[in-house]
Each structure stands twice: as structure tokens, then as C-alpha cells.
Amino acid sequence: IKIWNTETGQCDLTLTGHSGWVTALCVLDDGRLASGSHDRTIKIWNTETGQCDLTLTGHSGWVTALCVLDDGRLASGSHDRTIKIWNTE
């Protein structure tokens, strides 16, 4: 995952940690970035430091969709045919 400066066109930060293709991204209410991957995990990233704050596991298929709900929780959709709701705090 690369964080780009849209004014300069330069890459500010590269986030590494997934072992599979990254297929979904979503910005959380607190500004952190959620990423879903073919490695069946969701990672929550601090985009200032590049640190992975949290890894969510539970899907048995590729994670292909992420969405923040009105109450701040994160919804994820997977090839395992489930939608999971997560508290990322």
C-alpha cells in the first residue's frame, strides 16, 4: 500500500505487512486506514507512522470489501460469503 502526496506526486509512505494481494481500502473515522487482503486478514494502519496497529482475523476467504458504518464500526465482506462487523478501537 502506498500513501501518495497528491500535490507533489511523491510517495510519502509504503505500508507492508499483507502476504496476499490487497483488494480493499477504507479510511476509518479516526483517520487510520483499513486494508483487506487475499491473505484473509484486515489490517488497521497508522498512516503517519506506517505502523500496523491491529490485524483482524476471522474470514476464511479473501477480504474484498470494507466499509465504515455510521456508528464507527468496520464492516468487511469476503469470498467466504460472510459479512463481519468489527470494533477497531
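Check the entry above for the structure.
This one's a predicted model, so the numbers in the text were calculated from it and none came from an experiment.

As a further point, take the nonpolar core. If you look at the biggest cluster of nonpolar residues, it comprises eleven residues: Ala-24, Cys-26, Leu-28, Ala-34, Ile-42, Ile-44, Leu-56, Val-63, Leu-66, Leu-74 and Trp-86. Secondary structure elements with two or more residues in this core: β3 (22–27), β5 (41–45) and β7 (63–68). With sequence-adjacent residues up to four places away left out, Leu-66 is seen in contact with Ala-24, Leu-25, Cys-26, Ala-34, Ser-35, Gly-36, Ile-42, Leu-74, Ala-75 and Ser-76.

Throughout the structure, instances matching the rule amount to three salt bridges. Between Asp-30 and Arg-32 there is a salt bridge, and its shortest N-O distance comes to 2.8 Å. Ionic pairing is found between Asp-71 and Arg-73, a salt bridge with its closest N-O pair at 2.8 Å. Put simply, Asp-30, Arg-32 and Asp-53 are held in one network by salt bridges that share partners.

Moving on, we get to the sheet that holds β7. With respect to topology, three strands assemble into an open sheet ordered β7-β8-β9, the strand pairing being antiparallel. Pairing within the sheet leaves two strands with one partner each, and these edge strands are β7 and β9 (83–86). When strand polarity is set aside, the average angle formed by the axes of neighbouring strands in this sheet is 20 degrees. Bridge count for strand β8 (residues 74–78) against β9 is four bridges, and the pairing is antiparallel. Residue Ser-76 lies in a different strand from β9, and its bridge partner there is Lys-84.

Here we come to the pairing of β5. With respect to burial, β5 is a largely interior element, five of its five residues being buried. Here β5 shows a buried face lined by Thr-41, Lys-43 and Trp-45 and a second buried face lined by Ile-42 and Ile-44. With four bridges connecting them, strand β4 (residues 33–37) and β5 associate as antiparallel partners. Across the sheet, residue Leu-33 finds its bridge partner in β5, namely Trp-45. The turn linking β4 back onto β5 is made up of three residues, and Arg-40 within it adopts a positive phi angle of 75 degrees. Pairing of β5 with strand β6 (residues 52–57) involves five bridges; the strand directions are antiparallel. When the sheet's bridge partners are listed, Lys-43 is paired in β6 with Thr-55. Connecting β5 to the next strand, β6, in antiparallel fashion are six residues, including Gly-50 with a positive phi near 85 degrees.

About the thresholds
- Residues numbered from 1 in each chain as written.
- Predicted model: local features only at pLDDT ≥ 70, side-chain atom pairs only at ≥ 80, totals over all residues.
- Heavy atoms only, no water.
- Core = buried A, V, L, I, M, F, W, Y, C linked by side-chain atoms within 4.5 Å.
- Buried < 20%, exposed > 50% of the residue type's maximum accessible area, 1.4 Å probe, protein only.
- Helix = DSSP H or I, 4+ residues; strand = E, 2+ residues; numbered from the N terminus.
- Contact = heavy atoms within 4.5 Å.
- Salt bridge = Lys/Arg side-chain N within 4 Å of Asp/Glu carboxyl O.
- Pairing = 2+ DSSP bridges.
- Axes fitted to C-alpha atoms, helices over the stretch in contact; angles between N-to-C directions.

Fair warning: the whole summary comes from geometry, so function is off the table for now.
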